[in-house]
Number of protein chains: 4
Amino acid sequence: MLNRVILVGRLTKDPELRYTPNGVAVANFTLAVNRAFTNQQGEREADFINCVVWRKPAENVANFLKKGSLAGVDGRVQTRSYDNNQGQRVYVTEVMAESVQFLEPKNANAGGGGGGQYPQYQQGQGNQFNAPSTDRGYGQQQNQNPKRNNFNEDPFANDGTPIDISDDDLPF
Amino acid sequence: MLNRVILVGRLTKDPELRYTPNGVAVANFTLAVNRAFTNQQGEREADFINCVVWRKPAENVANFLKKGSLAGVDGRVQTRSYDNNQGQRVYVTEVMAESVQFLEPKNANAGGGGGGQYPQYQQGQGNQFNAPSTDRGYGQQQNQNPKRNNFNEDPFANDGTPIDISDDDLPF
Amino acid sequence: MLNRVILVGRLTKDPELRYTPNGVAVANFTLAVNRAFTNQQGEREADFINCVVWRKPAENVANFLKKGSLAGVDGRVQTRSYDNNQGQRVYVTEVMAESVQFLEPKNANAGGGGGGQYPQYQQGQGNQFNAPSTDRGYGQQQNQNPKRNNFNEDPFANDGTPIDISDDDLPF
Amino acid sequence: MLNRVILVGRLTKDPELRYTPNGVAVANFTLAVNRAFTNQQGEREADFINCVVWRKPAENVANFLKKGSLAGVDGRVQTRSYDNNQGQRVYVTEVMAESVQFLEPKNANAGGGGGGQYPQYQQGQGNQFNAPSTDRGYGQQQNQNPKRNNFNEDPFANDGTPIDISDDDLPF
DNA sequence: TTTT
DNA sequence: TTTT
């Protein structure tokens, strides 16, 4: 049935990249999407929308987006539930991104005192990461994001750590 | 910023209509949206997506949709949080419907043993409830839904009951 | 870049199914989408939006939709141009449907004097035709639509006729 | 009925601003939206999608966007027809933008040899122009776009010129 | 050239 | 008649 979401917003934090035991990449990030209108107090609020993305686009997200990046998402609303450690059922609504568009200018965060230039990447001029139909991103992947590799205290904190989810849980 | 959701699905229950202390109508309902693909087990799953709608369209939803109705929603993803009675912060992601389209044929649930015909309503042939820009739906509203009026044990259970929310919390 | 269209409307005519010389199915149809608002004269107008769909979903559209059918489309806006027989360049804007959802109740047009029951098809309860990533619909295809097979004067008028387009023109 | 389009792309030219005889602003522009995929020749193509926007957002578009600007559009697909000077009926499909989001960084085109800084405007950090429900933009409007006022050969070429359309033709 |  |  029809289920389509399109968002443009900014990442509230660096994306988190994980791998399933079978080596499939998954990235999580939250988009802050400013509302078009102001509330009674005249303040502009934002919605903080959790997004998931799988496989190659997950790795692209981890490599090319970071806290504050402007990004567009085209995907679906998905719901799931799990039991937390207090034994309560928790219901989750999130956006499964099918494609993510990178909306920062290519020289964003460049200049100034020292580094920060985004790595060389070009897929034509689209700057869009689409879910590939076939190639599964098996195995450990080299994170090419200099930000993450060079400047974090622990650059591997969230990278390559298998997470407790089987491929049977994959949504496709 | 861009924030758009379009859904087509079926109501999992009758919609719940409430009024703010100032008499503004709000309806809540959940859409079951079947996924286009099947999971590893070959089963077709569904997403259960909570929706809110305000003012006149809220009353239309309460009057013309019920459990099982096929409906289309055009709206925005919104997030909010509140503290539950265990003192934990709960985060909610839901769809704020700006317009709701009624997709059942006009004679749905008609015929057979006794009633169930939908009340006479026609806004051209669109069958779509749009958020009015101005007219605020103050005061008690006559629920014209025969289903709700005639067959529920307590037809007013969820109708017209002011809820603990001030107009300051209204999103527009 | 982000390019997403979602429509719900009714077919203005039976869809037209063609095949490229390489045997790839293409269907064209026009959706009449009623506007949510009325014009100055108080009339509700409609937009007549041309849609194209490729491969397996094209055949599903031809088999299961007909003039007047209610359908949902999830796709992209595409533009192209060609030179007409007067030697003028003609610009075309149309919707490339990636998935088409069949919104008629399963027994639509059934009953009454004589046939018309839709053929048995079930993909769960989704009734949605998605573009398959791989299987190319080569070769002549058996049209299972009883309407088209049994009641048209020339049931093959628009079926299986190769059209003058090479696979190089395919959008994917 | 559901009719929703979301686009992100770049203006192919400066927008054209007109006024109806009643003083209602209308802007036209074309978005070049790069496709996510490449064609058989490995080239990335684009769709060139004509957009219209009315009233205040029309003036914002004229003031803040120009050739090459990156913009997001949330709107509807509309169709209309007219008879051209050869007496042929011409069918037009375009996007009626309900809101337009300005996606350039605020200092875009700044620096370098000579001017080009965007005028001071701020609606929070949203940079989004929404169709106001009420205020009609009557009368001649001061175009505040320095680009258009200062650097064009004929800065008023397309501004403030009443066009031959009555308010009865307005879509809302 | 338009659908219910 | 097309944008980066």
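Everything here concerns the structure above.
Residues numbered from 1 in each chain as written. Chains lettered and ligands numbered in written order. Predicted model: local features only at pLDDT ≥ 70, side-chain atom pairs only at ≥ 80, totals over all residues. Heavy atoms only, no water.

Concerning the relation of the copies chain B and chain A
Rotating chain B by 180° about the axis while translating it 0.0 Å along that axis superimposes it on chain A, leaving an RMSD of 0.0 Å. This pairing of chains is accounted for by a two-fold axis. Relative to the rotation axis, the closest C-alpha in chain B is found at B:V5, a distance of 2.2 Å. Both copies contact each other with a shared surface, as 100% of the interface residues of chain B are interface residues in chain A too. (Least-squares fit on C-alpha atoms with pLDDT ≥ 70 in both. Contact = heavy atoms within 4.5 Å.)

Notes on helix α1 (residues 55-64) of chain B
With nine of 10 residues buried, α1(B) lies mostly within the body of the structure. Every buried residue belonging to α1(B) is among B:R55, B:P57, B:A58, B:E59, B:N60, B:V61, B:A62, B:N63 and B:F64, and all of these are buried. (Buried < 20%, exposed > 50% of the residue type's maximum accessible area, 1.4 Å probe, protein only. Helix = DSSP H or I, 4+ residues; strand = E, 2+ residues; numbered from the N terminus.)

A few points about the interface of chain C and chain A
With 13 residues of chain C at the contact, the number on the chain A side is 13 residues. Together chain C and chain A conceal approximately 1,100 Å² of surface at their shared face, both sides included; 59% is due to carbon and sulfur atoms. Looking at the side of chain C facing chain A, the largest losses of area belong to C:M1, C:L2 and C:R4, adding up to 49% of the total buried there. Taken together, chain C and chain A are joined by two salt bridges. With a closest N to O distance of 2.9 Å, C:D74 and A:R4 form a salt bridge. Where chain C touches chain A, the interface holds four residue pairs in polar contact (both at pLDDT 80 or more). Residue assignment for the side of chain C that touches chain A shows that the elements contributing at least two residues are β1 (3-11) and β5 (70-83) of chain C. Looking at the side of chain C that touches chain A element by element, the count peaks at four residues for β1(C). Looking at the side of chain C that touches chain A residue by residue, the classes come out as six nonpolar, five polar and two charged. (Buried area = accessible area lost by both parts, 1.4 Å probe. Salt bridge = Lys/Arg side-chain N within 4 Å of Asp/Glu carboxyl O. Polar contact = N/O pair within 3.5 Å; in protein donor to acceptor, adjacent residues only side chain to side chain. Nonpolar A, V, L, I, M, F, W, Y, C, P; charged D, E, K, R; others polar.)

With respect to the side chain of A:Q101
Within the fold, A:Q101 resides in strand β6 (residues 89-102). A polar atom in the side chain of A:Q101 sits 3.2 Å from the backbone nitrogen of C:L2.

Quick look at the interface of chain B and chain A
It is common to report an interface's size as the accessible area lost on association of the parts. Taken residue by residue, the interface counts 35 residues in chain B and 35 residues in chain A. For the pairing of chain B and chain A, the buried interface totals around 3,000 Å² over both sides, and the portion due to carbon and sulfur atoms is 49%. If you sort the residues of chain B by the area they bury against chain A, B:M1, B:Q40 and B:T79 come out on top, with a joint share of 21%. Seen at the junction of chain B and chain A, the total is zero salt bridges.

Some words on the relation of the copies chain C and chain A
The two copies are related by a screw operation: chain C maps onto chain A through 180° of rotation and 0.0 Å of translation along the axis, at an RMSD of 0.0 Å. Of the interface residues in chain C, 100% have counterparts in chain A that sit at the interface too, so the contact is made through matching surfaces.

What about the nonpolar core?
Counting residues in each nonpolar core, the largest one holds 128 residues, and the members touching the most others are A:L7, A:V100, B:L7, B:V100, C:L7, C:V100 and D:V100. Residues contacting B:V100, with those up to four places away along its chain left out, are B:F29, B:V53, B:V61, B:L65, B:A71, B:G72, B:V73, B:N127, B:Q128 and B:F129. (Core = buried A, V, L, I, M, F, W, Y, C linked by side-chain atoms within 4.5 Å.)

Some remarks on the side chain of C:R35
Relative to the assigned elements, C:R35 resides in strand β3 (residues 25-38). The buried category is assigned to C:R35, whose relative accessible area is 7%. Aside from chain neighbours lying at most four places away, what touches C:R35 is C:R44, C:E45, C:A46, C:D47, D:R76, D:Q78 and D:T79.

Some points on the packing of aromatic side chains
Residues and elements named next belong to chain C. Scanning the model with the defined rule gives four aromatic pairs over all chains in all. Between F64 and F129, the aromatic rings sit 5.9 Å apart at their centres with planes inclined by 35°, giving tilted as the arrangement. Within this pair, whereas F64 is found in helix α1 (residues 55-64), its partner F129 is found in strand β7 (residues 128-130), the two being separated by 65 residues in sequence. F129 shares its class with F64; the two are buried. (Phe/Tyr/Trp six-rings, centres within 6.5 Å; stacked < 30°, edge-to-face > 60°.)

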